[in-house]
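Now for the letters of each chain:
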Amino acid sequence: MSHSAGGRDAHDVGALGAVVRRTRQRMGLSVEALAESSALSAGLISQLERGRGNPSLQTLSRLAGALGTPLIALLQSAQRHGEPVVRADARLVLPDIDPGEDGTPRPVRELLTPDQSLPLQVIRTVMPPGFSNQDRPFRHLGLESVHVLRGRLDVVLGETRHELGEGDTITYECSQAHWWANPSTTEEAVVIGSVAPFAV
């Protein structure tokens, strides 16, 4: 995708707009709220979401920052828009769910569905031994189903802890505070999460 306005065709802008719209909706943001956090005009964002205009690299960078996603991930999602197959060696690695500064291993999350703008996302997570995001629980719109491929996983919904083993699956509303932990001190946990990132 070119960084110049003239290098972007209507399909590119339409795909970018779809990614921005879906990501904004998944975060529960209005166009006005996204405009305020990105220091862009609501009109410009609405135009982009409709697949119109020539967004500059600076505009896209501001949007990506406000949406909490790296610019490269935003552009890659747009490039994959409409492609049905994700090859094993071409998965999009998602940003760290719990960035730390202590140098300990962090989970690796890979998007298995073509792009982040779809109403269904399937994510493969490899969670290192002992990892927990208890201090930074998730809370967002949507419905999530998590299946344990290997190892063990604790999922805490509100005050209730669910202990899962290999082959177990849990499904829950994402609007309640929830967090994950790998209770093993020696083995990774590998899980597949399917997320419909909108209220049901």
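To keep things clear, this report deals only with the structure shown in the data block. Each chain has its residues counted from 1, following the order in which its sequence is written. Given that this is a predicted model, residues contribute local features only at a pLDDT of at least 70 and side-chain atom pairs are listed and counted only at 80 or more, while totals for whole chains, interfaces and linings are drawn from all residues. Excluded from the side-chain calculations are hydrogens and water; all other atoms, namely the structure's heavy atoms, are used.

1. Comments concerning the overall build of the chain
Under the scheme used here, helices are H or I runs from DSSP no shorter than 4 residues and strands are E runs no shorter than 2 residues, and both carry numbers assigned from the N terminus. For the chain, the helix and strand inventory stands at five helices and nine strands. A simple rule labels every residue: compare its accessible area, found with a 1.4 Å probe on the protein chains alone, to the largest value its type can have, and call it buried under 20%, exposed over 50%, or partly exposed in between. Within the chain, buried positions represent 42% of all 200 residues.

2. Overview of the nonpolar core
Nonpolar side chains tend toward joint burial in soluble globular proteins. One finds Leu16, Val20, Leu34, Ile45, Leu48, Leu63 and Leu74 to be the most contacted residues of the largest nonpolar core, which totals 19 residues. If you list the elements that add at least two residues to this core, you get α1 (10-26), α2 (31-38), α3 (42-49), α4 (57-66) and α5 (71-80). Ranked by residue count, the leading element in this core is α1, at five residues. When near neighbours in sequence (up to four residues on either side) are disregarded, Leu34 contacts Val20, Arg24, Leu29, Ile45, Leu63, Ala66 and Leu67. Within the second largest apolar cluster, 14 residues are counted, among which are Phe138, Leu164, Ile170 and Trp180. Grouping buried Ala, Val, Leu, Ile, Met, Phe, Trp, Tyr and Cys residues that are joined through side-chain atoms within 4.5 Å yields what is termed a nonpolar core. Contacts are assigned to residue pairs that have any heavy atoms within 4.5 Å of one another.

3. Concerning the sheet that holds strand β9 (residues 189-196)
Note on sheets: strands pair through backbone hydrogen bonds, and any given pair is parallel or antiparallel. Strand order in the open sheet formed by six strands is β1-β2-β3-β9-β4-β7, with antiparallel pairing between adjacent strands. Strands at the two margins of the open sheet, each flanked by one partner only, are β1 (92-93) and β7 (169-173). Bridge count for β1 against strand β2 (residues 108-111) is two bridges, and the pairing is antiparallel. Along β2, the bridge assignment pairs Leu92 with Leu111. For two strands to be treated as a pair, DSSP must find at least two bridges joining them.

4. Examining the sheet that holds strand β8 (residues 178-181)
Pairing within the open sheet is antiparallel, and its three strands lie in the order β6-β5-β8. Strand pairing shows two members of the sheet lacking a second neighbour, β6 (160-164) and β8, which therefore form its edges. Averaged over all neighbouring strand pairs, the angle between strand axes comes to 20°, with direction disregarded. Where strand β5 (residues 153-157) lies against β6, five bridges are found, and the strand directions are antiparallel. Counted as the bridge partner of Leu153 is Leu164 from β6. Axis definition: a line fitted to C-alpha atoms, limited for helices to the stretch in contact. Angles are taken between N-to-C directions and run from 0 to 180 degrees.

Purely geometric stuff here, so don't read any function into it on its own.
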